[in-house]
Amino acid sequence: MVKHRLRRSVIGIVSLWAWMSGTAAYAESETLYQVGDTLQWAIPVGAGFIAAGKLDGEGLGQLVEGALWTSVTTHVLKVEINATRPNGHDYSMPSAHTSGAAQGAAFLQFRYGWRYGVPAYMLTGLVGYSRVDNNYHYWRDVVAGAALATTIQYLITEQGVSVQNLAITPVISDEQFGVYASMKF
């Protein structure tokens, strides 16, 4: 009888420990997921507050333009590539969470230097890690999202590539119909 109770107690303790370990692991993973989900927006929004605090209207414009181009490009690539995620769902490549975070980090680094960029890039790494840890992405998706966003923001902030330098005009006549486009670099 005592052996039987002891065995049930041990089984109960082991079961409770296993259940609690699984719950704790899930809670940690869920918390990491929420942190990554929040930081994808917090980094670029924080960059916007920094630009506004510096009264940097030109920089704020570059941040917004970078965010728009990064978002559009990321989502077009997701649909065109349509890679399968580790969890079996579609649209893995590139990571939109990581590209959003990296775009804000790249803006801070290119516009205000490494003192602003390094902490933002570290937080971007946490976003990427959260996506891989929760089986939403492979590392290649995260790296691709970060590289895409950084490249786009580099072109806008450092190279001056902007829709402000783009002119699109419709061409309509008796002999032709079309669109004329020109961009200054």
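Please refer to the structure higher up on the page.
Throughout, residues of each chain are indexed from 1 in the direction in which the sequence is written. Note on the predicted model: pLDDT of at least 70 is required for a residue's local features to be given, and 80 or more for side-chain atom pairs to be given and counted; whole-chain, interface and lining totals, by contrast, use all residues. Here the side-chain values reflect all heavy atoms present in the structure, with hydrogen atoms and water set aside.

## Focus: the overall build of the protein chain
Just so we agree on the cut-off: Per the convention used, a helix needs a DSSP run of H or I reaching at least four residues, while a strand needs a run of E reaching at least two, with both numbered from the N terminus. Here the term buried applies to any residue with accessible area under 20% of the maximum for its type, exposed to any over 50%, and partly exposed to those in between, with areas from a 1.4 Å probe on protein chains only. Two residues qualify as a contact provided that any one of their heavy atoms is within 4.5 Å of a heavy atom in the partner residue.
In terms of helices and strands, the protein chain carries 5 helices and 2 strands. Along the protein chain, from the amino end to the carboxyl end, the secondary structure elements read α-α-α-α-α-β-β. Within the span of the protein chain, comprising 185 residues, buried residues form 33% of the whole. In the protein chain, of all internal contacts separated by at least 6 residues, the share reaching a separation of at least 24 is 65%.

## What to know about the pattern of salt bridges
Between side chains of opposite charge, a pair can form when the charged atoms approach closely. To keep it simple, the criterion reads: In what follows, salt bridge is the name for a side-chain nitrogen of Lys or Arg lying within 4 Å of a carboxyl oxygen of Asp or Glu.
Inspection of the entire model under this criterion finds 3 salt bridges. Of the charged contacts in the structure, one is a salt bridge between Asp56 and Arg111, with a shortest N-O distance of 2.7 Å. You can see Asp56 sitting in the loop between helix 1 (2–53) and helix 2 (57–81) and its partner Arg111 sitting in helix 3 (residues 96–112), a full 55 residues away along the chain. Measuring nitrogen to oxygen at the nearest pair gives 3.3 Å for the salt bridge that ties Arg140 to Asp141. Asp141 gets classed as buried once you look at its relative accessible area, which sits at 0%.

## A look at the packing of helix 4 (residues 114–133) against helix 5 (residues 139–157)
Helices that pack against each other are described as a pair by the angle of their axes relative to one another and the distance between those axes. Quick reminder of the rule: Axis lines are fitted through C-alpha atoms, for helices just across the contact stretch, and the angle between N-to-C directions can take any value from 0 to 180 degrees. In this scheme, a crossing is called left-handed if the near helix is turned counterclockwise away from the far one by less than a right angle; it is called right-handed if the turn is clockwise.
Direction vectors running N to C along helix 4 and helix 5 enclose 145 degrees, while the axes themselves pass 9 Å from each other. Pair helix 4 / helix 5 crosses with right-handed handedness. Contacts from Tyr121, Gly128, Tyr129, Arg131 and Val132 of helix 4 reach helix 5 at Trp139, Val142 and Thr150.

## Structural notes on the nonpolar core
Note on soluble globular proteins: their nonpolar side chains tend to be buried together. Going by this rule: For this analysis, a nonpolar core means a set of buried residues of the types Ala, Val, Leu, Ile, Met, Phe, Trp, Tyr and Cys, connected via side-chain atoms within 4.5 Å.
Leu39, Ile43, Ala47, Ala51, Leu63, Ala101, Ala105, Phe107, Leu108, Tyr112, Ala120 and Val127 form the largest nonpolar core, which has 12 residues in total. Where this core is concerned, the elements lending two or more residues are helix 1, helix 3 and helix 4. The dominant element in this core, judged by the number of residues it contributes, is helix 3, at 5 residues.

## Regarding the packing of aromatic side chains
Which entries qualify depends on this criterion: The pairing test for Phe, Tyr and Trp rings, Trp by its six-membered ring, is centres within 6.5 Å, and the orientation test on the planes gives stacked under 30 degrees, edge-to-face over 60, and tilted for anything in between. Consider the ring centre and the ring normal. A charge sits over the ring if Lys NZ or Arg CZ is within 6 Å of that centre and within 35 degrees of that normal.
As enumerated under the stated definition, the model contains 6 aromatic pairs in all. Between the aromatic rings of Phe107 and Tyr112, the centroid separation amounts to 5.6 Å while the plane-to-plane angle is 90 degrees, which identifies the pairing as edge-to-face. In terms of burial, Phe107 and Tyr112 fall into one category: buried. With a centroid separation of 6.5 Å and 35 degrees between ring planes, the pair formed by Tyr129 and Trp139 is classed as tilted. On the criterion of sequence distance, the pair formed by Tyr129 in helix 4 and Trp139 in helix 5 is long-range, its members being 10 residues apart. Taking relative accessible area as the criterion, Tyr129 reaches 40% and is therefore assigned partly exposed. Through a chain of ring-to-ring contacts, three or more aromatic side chains come together here, namely Phe107, Tyr112 and Tyr116. Cation over ring: Arg131 sits above Tyr136, and NZ or CZ is 4.4 Å from the ring centre.

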